[in-house]
Amino acid sequence: MFVSSKSLLEKAREKHYALPAFNTSNLEMSKALFGAAEQMKAPLLVQTTPSSIEYAGLESIFSIIKTLSKNSKIPACIHLDHGRDLGLVKRCTALGYKSVMIDASRLPFNKNAALTRKAVKIAHWRGCSVEAELGSLGRLGKASLTDASQARLFVKKTGCDSLAVAIGTSHGAYKFKGKPKIDLERLREISELVSVPLVLHGASSVDKKLVKKANRYGAKLGHTAGVPMKDLKRAIKLGAAKINIDTDLRLAFTAALREFHAKNPKDFDPRNALEFAGQSVKKVAAEKIRAFGAKNRARG
Ligand code: G3H
Ligand code: 13P
Ligand code: ZN
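Overview of the structure. All figures in this text were calculated on a predicted structure; none of them were measured in a lab.

About the cut-offs
- Residues numbered from 1 in each chain as written.
- Chains lettered and ligands numbered in written order.
- Predicted model: local features only at pLDDT ≥ 70, side-chain atom pairs only at ≥ 80, totals over all residues.
- Heavy atoms only, no water.
- Near = heavy atom within 4 Å.
- Polar contact = N/O pair within 3.5 Å; in protein donor to acceptor, adjacent residues only side chain to side chain.
- Areas by Shrake-Rupley, 256 points an atom, 1.4 Å probe, with all protein chains shown as cover.
- Helix = DSSP H or I, 4+ residues; strand = E, 2+ residues; numbered from the N terminus.
- Nonpolar A, V, L, I, M, F, W, Y, C, P; charged D, E, K, R; others polar.
- Buried < 20%, exposed > 50% of the residue type's maximum accessible area, 1.4 Å probe, protein only.
- Arc of directions from axis to C-beta.
- Contact = heavy atoms within 4.5 Å.

**Concerning the site of ligand 2**
Surveying the vicinity of ligand 2 reveals 15 residues, the closest of which are Asp 81, Lys 175, Ser 204, Asp 246 and Thr 247. A distance of 3.0 Å separates an oxygen atom of ligand 2 from a polar side-chain atom of His 171. Within the side chain of Asn 244, a nitrogen or oxygen atom sits 3.1 Å from an oxygen atom of ligand 2. Taken by itself ligand 2 offers 310 Å² of open surface, and the protein chains cover 97% of this. Elements with a minimum of two residues in the shell around ligand 2: β3 (76-83) and β8 (240-245). Class assignment for the residues of the shell around ligand 2 results in two nonpolar, 10 polar and three charged.

**Describing helix α5 (residues 86-95)**
When we look at burial in α5, the residues that qualify are Leu 86, Leu 88, Val 89, Cys 92 and Thr 93. Take α5 and look down its axis: the buried residues cluster within an arc of 160 degrees, on one side only. Along its buried surface, α5 packs onto α3 (50-56), α4 (58-70), β3, β4 (99-102) and α6 (109-125). N-cap assignment for α5: the residue whose side-chain oxygen lies 3.0 Å from the backbone N of Gly 87 is Asp 85. Following α5 by one or two positions, Gly 96 has its phi on the positive side, about 130 degrees.

This is the structure in structure tokens:
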């Protein structure tokens, strides 16, 4: 069953849990994510970036997710992650996406707000909710963090349904040089002034065990660092209701592929390797659902 993200996220914020939003670009990841959400009886947010849409084809990836959703009992939402222009927002909403992000965080405040406002008009007309972003994530501490009073003004001006904030996280597996520095005090200030659900990007924890496993089977990942789960749990208490996870799924998938081929050198049926990798993604996704308090929330 396809649902909009607005009610799912508002409920999550109100009840102090968060929904992980999982990135996908293919059948195997998507199957694994539905499997995890069903096992945990949790609502599911799956999201596709412009580059994963380019990889899979918009209609193809949408049909896969829609069909999985039709055959499943849990509420699921398909979301456009990091949409950069109104063209893609229009294509996704026309096709049936229930949620879109317009990411104009690279622009100055007024231009960001103006583009976001346009996306809100397009999406709301189709009954689709909108995530916007203020502040930018950057890499290795080069972010420009979100200011709380600007955030309040931004939400008021744009009418967005949720807001991605920059508090020191960043995308990928190399988020920090030294110790993670997540500005939870800033999140508290934003949360006090902004009532829409808050979104954290770049929230993978980059599990050391997975990195070790990948390296054991031939990867050369070197130093990696992610967001500690204890910081994410505190962020959830402070109003983070959607927490984006991509890197951890990629690590789980590719480490398992490496492991499968190392242990089964004579097996050349891709379905066996992909099934094994999917199981590993399912496990990681289920762990996130449990850790963020979203288990058994499928009915609210
Ligand atoms: O938030 C962005 C993703 O984690 C990376 O996106 O699909 O363009 O590689 P991508
Ligand atoms: P990670 O790279 O930390 O998984 O972040 C994913 C994300 O923010 C997708 O929008
Ligand atoms: Zn992101």
